[in-house]
Amino acid sequence: MGLRKILTTRDPALHKVCKPVTAFDGKLHKLLDDMKETLLDACGVGLAAPQVGILRRVVVVDMGAEEPELLELVNPELLETSGEQCGAEGCLSVPGKYGLVKRPNYARVRAQDRDGNWFEAEGEALIARCFCHELDHLDGIMYTEIMDRFLTDEELNAGD
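Residues numbered from 1 in each chain as written. Predicted model: local features only at pLDDT ≥ 70, side-chain atom pairs only at ≥ 80, totals over all residues. Heavy atoms only, no water.

Asker: Before we move on, can you summarise the overall build of the chain with the specific residues and values?
Answerer: From N to C terminus, the chain includes three helices and eight strands. Viewed in the frame of its principal axes, the chain has a C-alpha envelope of about 45 × 30 × 30 Å. Residues counted as buried form 44% of the 160 residues belonging to the chain. Of the roughly 8,400 Å² of accessible surface on the chain, a fraction of 49% belongs to carbon and sulfur atoms. The chain carries 18 positive and 29 negative side-chain charges, and their two centres are separated by 9 Å. (Helix = DSSP H or I, 4+ residues; strand = E, 2+ residues; numbered from the N terminus. Buried < 20%, exposed > 50% of the residue type's maximum accessible area, 1.4 Å probe, protein only. Areas by Shrake-Rupley, 256 points an atom, 1.4 Å probe, with all protein chains shown as cover. Lys, Arg positive; Asp, Glu negative; His and termini not counted. Charge placed at Lys NZ, Arg CZ, Asp CG, Glu CD.)

Asker: Describe the pairing of strand 7 (residues 118-124), listing the residues and the values that go with them.
Answerer: Summarising the sheet, strand 6 (residues 106-112) and strand 7 pair through seven bridges and their orientation is antiparallel. When the bridges of strand 7 are listed, V109 appears paired with A121. Between strand 6 and strand 7, which pair antiparallel one after the other, the connecting turn spans five residues, and G116 there sits at a positive phi close to 95°. (Pairing = 2+ DSSP bridges.)

Asker: Got a sec to walk through the side chain of R103? Specific residues and values, please.
Answerer: In this structure, R103 sits in strand 5 (residues 98-103). The buried category is assigned to R103, whose relative accessible area is 6%. Of the polar contacts made by the side chain of R103, one reaches the side chain of D136; its length is 2.8 Å. Excluding anything up to four places from it in sequence, R103 contacts G83, E84, Q85, E89, R129, C132, H133, D136, Y143 and I146. (Polar contact = N/O pair within 3.5 Å; in protein donor to acceptor, adjacent residues only side chain to side chain. Contact = heavy atoms within 4.5 Å.)

Asker: Give me the lowdown on the sheet that holds strand 5, citing residues and values where you can.
Answerer: Backbone-to-backbone hydrogen bonds join strands into a sheet, with any given pair of strands oriented parallel or antiparallel. Read from one edge of the open sheet, three strands run 4-5-8, paired in antiparallel fashion. Looking at strand neighbours, the two that pair on one side only are strand 4 (85-90) and strand 8 (149-150), the edges of this open sheet. Sheet topology places strand 5 next to strand 8; two bridges connect them, and they run antiparallel. Among the inter-strand pairings, L100 is bridged to a residue of strand 8, identified as R149.

Now the structure itself:
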């Protein structure tokens, strides 16, 4: 396994639509392992392959509340959303900035695992936000393109 460099917002790779994964092989497994290690090292909640320069439909999400529980999503698709939440959203590719973004409060996705088997996963609140955020990355969409506005330092620190 190895850490990968996380690209920042000006990189053109972050604004391109990713291609589906067709080969469920050692190369994909290495990418997933590296992405998980990179996500944990960066203390993030989710990471999409284009954030590490790979234009494939691959995402890892930390589903754990207290301990890391990393979920691998290959060729994910959003099946269902409901409710609404509006809150602070950040991105490892936009370091130090947070925006006010409306997202569904519930999301259910369908994806393949590293071996190509289909499964479904669901989540509320932060997990729903993360699913939507990371799937947007696969279509070249950054949260900064859909946010209402950036949050000020005062707003971010209001709860301290």
